[in-house]
Amino acid sequence: MAGGKETPRQKMVGLMYLVLLALLALQVSSAIISKFQFLNESLEMSNLNAENLNFDAIKRIEGAVVKNKNAKEDVLVLEQSKALRKKTNEVKTYLAELKKQLILKAGGVKDENGNYPGASEEEPIAQVMLGSGEGKNGKGQILKKHLNEYIQYLNKFSKSQKLEEKFTSIALDGKEDPIFMNDPEQKNKSFSQLNFESTPLVAALAVLSEKEAQVLSMESLLLNKMAMRVGAINIPVDKVRPVVNSSTSYVVAGMEYQADMFMACLLYTSDAADEED
């Protein structure tokens, strides 16, 4: 998805995507439908947390700009970061609209038990996302266009800011996707067919939530880089411990003792998290 080592959240999103693909390959049953709904709701909750973190990044940049007395270069960082947020919100809005359209097309919103009436419906999803003509004139192809344009925007943004991050497409056809490119039954399918053909409502919602997760993750990476430029990056502290730094390693009777006392912070890193896991 991008250059550099993946964060724990990015690894989690990738793992959930693999689970989603595995479920799509299985014959749909009521138990699997429930798993799809659980997967989608988990992704939506994770996306909400990611959205809040990205919004907080903008607030931190704003605070740093004020603290730095509105230095011209810092104001520019803020404006560019807000432009990135606006572009991300455009993609998020389109994904949300697609979800609403699919839900209504398949039977409506959740019932009193929290279940979608059309949870297992596949034909309405195909009508919206594939259309006709081998999935080339449905909303799936429009979604692909939006996602590819977003990736192009991120790469231009990264280049203009002299950042090293390079992003690749998250809307791949079968022949481009490493998971399917060697599968004779899948490699000739379009992005729309791979993700929305013979796909029940709750699975389609999970696909869209997964795309949103990828979008937010990429935005987060760039926003944190921008925050660092104005000194607005948060440094998470895992542990705090008192430290005494003595000027001598021994003390004899009657000798004056001198030492510096301070609090040491152990920083939390993704590497540390991986080791604990």
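Residues numbered from 1 in each chain as written. Predicted model: local features only at pLDDT ≥ 70, side-chain atom pairs only at ≥ 80, totals over all residues. Heavy atoms only, no water.

Here we look at the overall build of the protein
What the protein contains, in helices and strands, is eight helices and two strands. Along its sequence from the N terminus, the protein presents helices and strands in the succession α-α-α-α-α-α-α-β-β-α. Out of the 277 residues belonging to the protein, those deemed buried represent 39%. Put simply, of all contacts in the protein between residues at least 6 apart along the chain, 67% involve residues at least 24 apart. Carbon together with sulfur atoms contributes 54% to the accessible area of the protein, which is approximately 15,900 Å² in total. (Helix = DSSP H or I, 4+ residues; strand = E, 2+ residues; numbered from the N terminus. Buried < 20%, exposed > 50% of the residue type's maximum accessible area, 1.4 Å probe, protein only. Contact = heavy atoms within 4.5 Å. Areas by Shrake-Rupley, 256 points an atom, 1.4 Å probe, with all protein chains shown as cover.)

Quick word on the nonpolar core
One recurring pattern in soluble globular proteins is that nonpolar side chains are buried together. Of all hydrophobic cores here, the largest spans 50 residues; its most connected members are I61, L102, M129, L143, L147, F196 and L201. Here this core gets 13 residues from one element, more than from any other, and that element is helix α7 (residues 201-229). Dropping the residues within four chain positions of it, L143 is found in contact with Y94, L95, L98, M129, F191, F196 and L208. (Core = buried A, V, L, I, M, F, W, Y, C linked by side-chain atoms within 4.5 Å.)

Considerations on helix α5 (residues 139-160)
Since there are 3.6 residues in each turn of an α-helix, residues three or four apart along the chain are aligned in direction. Given a rise of 1.5 Å per residue, 22 residues ought to cover 32 Å, and the 31 Å separating the end C-alpha atoms of α5 matches this to within 8%. Buried within α5 are the following residues: G140, L143, K144, L147, Y150, I151, L154, F157 and S158. All buried residues of α5 project into a common sector of 150 degrees when viewed along the axis, lining one side. Within α5, the exposed residues directed more than 90 degrees away from the buried face are K156 and K159. Against the buried residues of α5 lie α3 (72-106), α4 (123-129), α6 (191-196) and α7. K162 lies just past α5 and shows a positive phi near 60 degrees. (Expected span 1.5 Å × (residues − 1). Arc of directions from axis to C-beta.)

So, the packing of aromatic side chains
In this structure the tally under the stated criterion is two aromatic pairs. Considering the side-chain rings of Y153 and F157, the 6.2 Å spacing of their centres and the 35 degrees angle between planes classify their relative orientation as tilted. Remark: F157 and Y153 occur in helix α5; sequence separation between them is four residues, near one turn of the helix. By relative accessible area, which is 23% here, Y153 ends up partly exposed. Judged by centre distance (6.4 Å) and plane angle (80 degrees), the rings of F191 and F196 are edge-to-face. By relative accessible area, which is 1% here, F191 ends up buried. On the basis of relative accessible area, F196 is assigned to the buried category, the value being 0%. (Phe/Tyr/Trp six-rings, centres within 6.5 Å; stacked < 30°, edge-to-face > 60°.)

A look at the confidence of the model for the protein
Summary statistics for the protein give a mean pLDDT of 83 and a share of 71% for residues scoring 70 or more. Across the protein, α5 holds the top mean pLDDT of 97, while helix α8 (residues 270-276) sits lowest at 44. In the predicted structure, residues 268-277 sits below a pLDDT of 50 and forms seven contacts with residues beyond four places in sequence or in another chain. (pLDDT = per-residue confidence, 0-100.)

Considering α3
Here α3 spans 52 Å end to end across 35 residues, near enough to the 51 Å set by a 1.5 Å rise per residue. Just downstream of α3 lies G107, where phi reads positive at about 140 degrees.

Focus: the packing of α3 against α5
Where α3 contacts α5, the axes come no closer than 11 Å and their chain directions differ by 170 degrees. Of the possible angle classes, the one that applies to α3 and α5 is roughly antiparallel. Crossing angle aside, the handedness with which α3 passes α5 is left-handed. Contacts between α3 and α5 involve Q80, A83, L84, K87, T88, V91, Y94, L95, L98 and Q101 from the former and K139, I142, L143, H146, L147, Y150, Y153, L154 and F157 from the latter. When grouped by side-chain class, the residues that make up the contact of α3 with α5 number 13 nonpolar, four polar and two charged. (Axes fitted to C-alpha atoms, helices over the stretch in contact; angles between N-to-C directions. Parallel < 35°, antiparallel > 145°, perpendicular 65-115°, else oblique. Left-handed = near helix turned anticlockwise from the far one by under 90°. Nonpolar A, V, L, I, M, F, W, Y, C, P; charged D, E, K, R; others polar.)

Describing the packing of α3 against α7
The interhelical angle for the contact between α3 and α7, taken along N-to-C directions, is 175 degrees, at an axis separation of 10 Å. Comparing their axes, α7 and α3 come out roughly antiparallel. Of the residues that constitute the contact of α3 with α7, the class distribution is 17 nonpolar, four polar and eight charged.

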